Amino acid sequence: MTTYLVTACGAVFLSVIVSFIIPQGKLNKTITFVLRMVCIAILISPLAGLFTISDEQFDDMVDYEYICSLYSENQSKAIEKCISEEFGAQSECSVEIRYGDEGFYADSVEVCLIGSYGDLADKIYEYLQESDYINITVYESTDGVV
């Protein structure tokens, strides 16, 4: 509380001193306005503490499972599109996104190639590995059903 009072008094004192030093004219009004806004911001700064949310309260409000499921679905569609564009293969992908201490991360990737593509599975595996995915599974399904 003492720090707050010293800061508030210092801001008011500084604005009074500056108002004596600045020249009269258009610049005077601008500088006076800025100093008044600074003083008001300092005086109401304790009220900002009333509206802050702690990390624990924030974690209780967030549904990480729902976010992970949406993120997984979007990543899966993105990989399917990428495989279609890069390799010309039809696939069904499943990316498992998890949330942990380090944030969101891809836990595993499963790619099912629909049809027979020869050694394309190895190329896709290497492509995903270069893209920093982990726990990668790539396989072919010749019957068209995954």
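Residues numbered from 1 in each chain as written. Predicted model: local features only at pLDDT ≥ 70, side-chain atom pairs only at ≥ 80, totals over all residues. Heavy atoms only, no water.

A. Layout of the pattern of salt bridges. For the coordinates displayed, the defined rule picks out three salt bridges. With a closest N to O distance of 3.3 Å, Lys77 and Glu73 form a salt bridge. One end of the pair, Lys77, and the other, Glu73, are both in helix α4 (residues 64–87), four residues apart, so they sit about a helical turn from each other. The salt bridge partner of Asp107 is Arg98, with a shortest N-O separation of 3.5 Å. Looking at Asp107, the relative accessible area reads 23%, which means it is partly exposed. Among the charged side chains, a salt-bridge network with shared partners connects Glu96, Arg98 and Asp107. (Salt bridge = Lys/Arg side-chain N within 4 Å of Asp/Glu carboxyl O. Helix = DSSP H or I, 4+ residues; strand = E, 2+ residues; numbered from the N terminus. Buried < 20%, exposed > 50% of the residue type's maximum accessible area, 1.4 Å probe, protein only.)

B. Representation of the nonpolar core. Counting 17 residues, the largest nonpolar core has Ile79, Ile83, Val111, Leu113, Ile124, Leu128 and Val138 as its most contacted members. When residues of this core are traced back to their parent elements, those giving at least two are α4, β1 (91–100), β2 (103–114), α5 (120–130) and β3 (136–141). The dominant element in this core, judged by the number of residues it contributes, is α5, at four residues. With sequence-adjacent residues up to four places away left out, Ile124 is seen in contact with Ile83, Phe87, Val111, Leu113 and Val138. (Core = buried A, V, L, I, M, F, W, Y, C linked by side-chain atoms within 4.5 Å. Contact = heavy atoms within 4.5 Å.)

C. Structural view of the state of the cysteines. Tallied over the full model, the rule gives zero disulfides. Left without a disulfide partner, Cys93 is nearest to the cysteine sulfur of Cys112, which lies 8.8 Å away. (Disulfide = S-S within 2.5 Å.)

D. Broad picture of helix α1 (residues 2–21). Helix length check: α1, at 20 residues, gives a terminal C-alpha distance of 29 Å against a target of 28 Å (1.5 Å per residue), a fit within 8%. Buried within α1 are the following residues: Ala8, Ala11, Ser15 and Val18. With its buried residues spanning 100 degrees around the axis, α1 presents them on a single face. Of the exposed residues in α1, those oriented more than 90 degrees away from the buried face are Thr2, Val6, Cys9, Phe13, Phe20 and Ile21. Buried residues belonging to α1 abut α2 (26–48). (Expected span 1.5 Å × (residues − 1). Arc of directions from axis to C-beta.)

E. Spotlight on the pairing of β1. When β1 meets β2, the two strands line up antiparallel, connected through 10 bridges. Within β2, the residue paired with Arg98 across the bridge is Tyr105. Connecting the antiparallel pair β1 and β2 is a turn made up of two residues. (Pairing = 2+ DSSP bridges.)

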